[in-house]
Amino acid sequence: MMPVLSQKYIPDGEFMQVDMDLNRGWHKVNSFTGTSADGFRHLLQWILKNQENVRAKDSSDRLAADFVCSRRMLKQIMQAPYTHAKHQNAAWNILAKEFKGTIYLTSLVPKEEKHKEKQGASSLMEIYGHKFEQYMTGGDPDDVMETDCQFRCVLQLHLNEMSLLFAPDIDAVDPTRHKEDFKDLNSFLRLKAKLESTTSFTDYNYRKYTLNNWWIENKLTGVPRLLVGKRNRDGVVHTLQMLQTDDMPALAEGKWEPSVCINVLDKFLNFVKRRVVAEPDVVHHFEKSAMAIHHYRDPNLEDILPNWYKQKLFSTQDEESDCSSGSS
């Protein structure tokens, strides 16, 4: 399942001229049908299957992580200081619950959005993004495009005194740098198809918002590079550009600061930790509007952790038998 970058598309330098029509095979797309709830469930299933690898060294029944969450959620938090008030990511809702010393975070999806999320219809921009990845990883652009296929790595991130566990999707690996026993993501890179900047307005948005978005995604996962396909309005990619993650703040020309993004994540997670630890038996709701972050606690909120996870995490066979016999 690991996507491998086609060696013919590795630029010999910063730029490469190409001719890729992202409209080819656009009608043969199996749209993405996954949801944030599916991703959270898959991560919990992986944790159960790999309990010994993620067990804390100083405890027999605790994960070696203060938080279990998603990269998408962490990115939204880090983007908060620079997100336009009218942007769809300006407001978010996060549910938090403590279990065996670890705080689990998941997104609250409003009821009116759940059906829309399940429909899985892809926009033309999303199709362009997937089609670009299909080209870059050696696929035939005239074949059916399966957007549900994803390769993920489970990562542990240390932020000051806190440890986070999450499972980001990975776009591609550079075969010229990859080692089978890799311990980091230095050989991986992100793939992005982007409309070329032709005005001062689009250039401003690129530096302030797009580069900030890309830098956060890569920095959270330790991915050192990003390969951009610049396309025209007709959907034809004409230039490949290799960007280094660590160069992105300088390219932004002061439109945002990395330290601000990191500090807001640190402060928010510490705020969550204080509130949840004070009342560990309830589900906590953190809501961000365009102006502020609000905290609610409601004993009637459904537990975000399924019983099958709570019963099996670091439990003995005897404990599992007791749980099974006591449940209907």
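Asks: Residue-level account of the sheet that holds strand β5 (residues 102-107), with values.
Replies: Here 7 strands make up an open sheet; going across it, the order is β7-β8-β3-β5-β4-β13-β14 and the pairing mixed. The open sheet has two free edges, formed respectively by β7 (155-159) and β14 (293-297), since each of these has just one partner strand. Taken together, the 6 bridges between strand β4 (residues 92-99) and β5 define a ladder with antiparallel strand orientation. If you follow Ile 94 over to β5, its bridge partner there is Ser 107.

Asks: Any chance you could break down the confidence of the model for the chain for me, citing the residues and the numbers?
Replies: In the predicted model, the chain carries a mean pLDDT of 88, and the fraction of residues at 70 or more is 91%. Segment residues 115-119 is flagged for pLDDT under 50; beyond a separation of four residues in sequence, or across chains, it makes 6 contacts in the model. Of the regions scoring below 50 in pLDDT, residues 318-328 engages in 5 contacts with residues more than four places distant in sequence or in other chains.

Asks: Please set out the packing of helix α2 (residues 71-79) against helix α7 (residues 258-278) residue by residue, giving values where relevant.
Replies: At a minimum axis distance of 7 Å, the contact between α2 and α7 shows a crossing angle of 115°. Taken as axis vectors, α2 and α7 run roughly perpendicular relative to one another. The crossing of α2 and α7 is right-handed. Across the interface between the two elements, Leu 74, Ile 77 and Met 78 from α2 touch Cys 261, Ile 262, Val 264, Leu 265 and Phe 268 from α7. Residues that form the contact of α2 with α7 fall into these classes: 8 nonpolar, no polar and no charged.

Asks: Account for the pattern of salt bridges, with residues named and values stated.
Replies: This structure, assessed with the given rule, holds 16 salt bridges. Between Asp 169 and Arg 71 there is a salt bridge; the shortest N-O distance is 3.1 Å. You can see Asp 169 sitting in the loop between β8 (162-166) and β9 (172-173) and its partner Arg 71 sitting in helix α2, a full 98 residues away along the chain. Salt-bridge contacts for Arg 190 lead to Asp 169; the nearest nitrogen and oxygen are separated by 3.7 Å. Here the residue Arg 190 occupies a position in strand β10 (residues 188-195), and Asp 169 occupies one in the loop between β8 and β9, the gap between them amounting to 21 residues. Among the residues examined, Arg 190 registers a relative accessible area of 5% and is labelled buried. Among the ionic contacts, a cluster of salt bridges with common partners joins Arg 71, Lys 75, Asp 169, Asp 171, Arg 190, Lys 192 and Glu 217.

Asks: Any chance you could break down the packing of α2 against helix α5 (residues 200-221) for me, citing the residues and the numbers?
Replies: Here α2 crosses α5 at 130°, and the two axes come no closer than 10 Å. As summarised for this structure, α2 and α5 are arranged oblique, according to the angle between their axes. Here α2 and α5 pass one another in a crossing that is right-handed. Contacts between α2 and α5 involve Arg 71, Leu 74, Lys 75, Met 78 and Gln 79 from the first element and Asn 212, Asn 213, Trp 215, Ile 216, Glu 217, Leu 220 and Thr 221 from the second. A per-class count over the contact of α2 with α5 returns 5 nonpolar, 4 polar and 3 charged.

Asks: Let's hear about the state of the cysteines: which residues, and what values?
Replies: As enumerated under the stated definition, the model contains 0 disulfides in all. Of all cysteine sulfurs in the structure, the one in Cys 153 sits closest to Cys 149, which takes part in no disulfide; the separation is 16 Å. Cys 69 provides the cysteine sulfur closest to Cys 153, a residue in no disulfide bond, and the two sulfurs are 16 Å apart.

Asks: Account for unusual backbone geometry, naming residues and giving values.
Replies: Positioned with a positive phi, Lys 100 is a non-glycine residue whose angle comes to about 50°. Summarising the element assignment, Lys 100 is placed in the loop between β4 and β5.

Asks: Explain the side chain of Arg 231 residue by residue, including any values.
Replies: Inspection of the secondary structure assignment puts Arg 231 in strand β11 (residues 225-231). Of the buried charged residues, Arg 231 lacks a salt bridge, with Glu 196 as the closest side chain of opposite charge at 8.1 Å. Residues in contact with Arg 231, not counting those within four places in the same chain, are Leu 22, Met 125, Tyr 128, Lys 194, Leu 195, Glu 196, Val 236, Val 237 and His 238.

Asks: Quick rundown of the sheet that holds β9? Include the residues and the values.
Replies: If you walk across this open sheet you meet the 5 strands as β1-β12-β11-β10-β9, and the pairing is mixed. With partners counted over all chains shown, the strands left at the sheet margins are β1 (15-21) and β9, one partner each. Along the sheet, helix α4 (residues 124-136) makes contact with β1, β10, β11 and β12 (236-244), crossing β10 at roughly 135°.

Asks: Provide a residue-level description of the nonpolar core, including the pertinent values.
Replies: Nonpolar side chains in soluble globular proteins tend to be buried together. Formed by 45 residues in total, the largest nonpolar core has its most connected members in Leu 105, Leu 164, Leu 269 and Val 272. Where this core is concerned, the elements lending two or more residues are α2, β4, β5, β7, β8, α5, β11 and α7. The element contributing the most residues to this core is α7, with 7 residues. Leu 44, Val 54, Leu 63 and Tyr 104 belong to the second-largest nonpolar core, a separate cluster that totals 20 residues.

Each value, and the rule that gives it
Residues numbered from 1 in each chain as written. Predicted model: local features only at pLDDT ≥ 70, side-chain atom pairs only at ≥ 80, totals over all residues. Heavy atoms only, no water. Pairing = 2+ DSSP bridges. Helix = DSSP H or I, 4+ residues; strand = E, 2+ residues; numbered from the N terminus. pLDDT = per-residue confidence, 0-100. Contact = heavy atoms within 4.5 Å. Axes fitted to C-alpha atoms, helices over the stretch in contact; angles between N-to-C directions. Parallel < 35°, antiparallel > 145°, perpendicular 65-115°, else oblique. Left-handed = near helix turned anticlockwise from the far one by under 90°. Nonpolar A, V, L, I, M, F, W, Y, C, P; charged D, E, K, R; others polar. Salt bridge = Lys/Arg side-chain N within 4 Å of Asp/Glu carboxyl O. Buried < 20%, exposed > 50% of the residue type's maximum accessible area, 1.4 Å probe, protein only. Disulfide = S-S within 2.5 Å. Lys, Arg positive; Asp, Glu negative; His and termini not counted. Core = buried A, V, L, I, M, F, W, Y, C linked by side-chain atoms within 4.5 Å.

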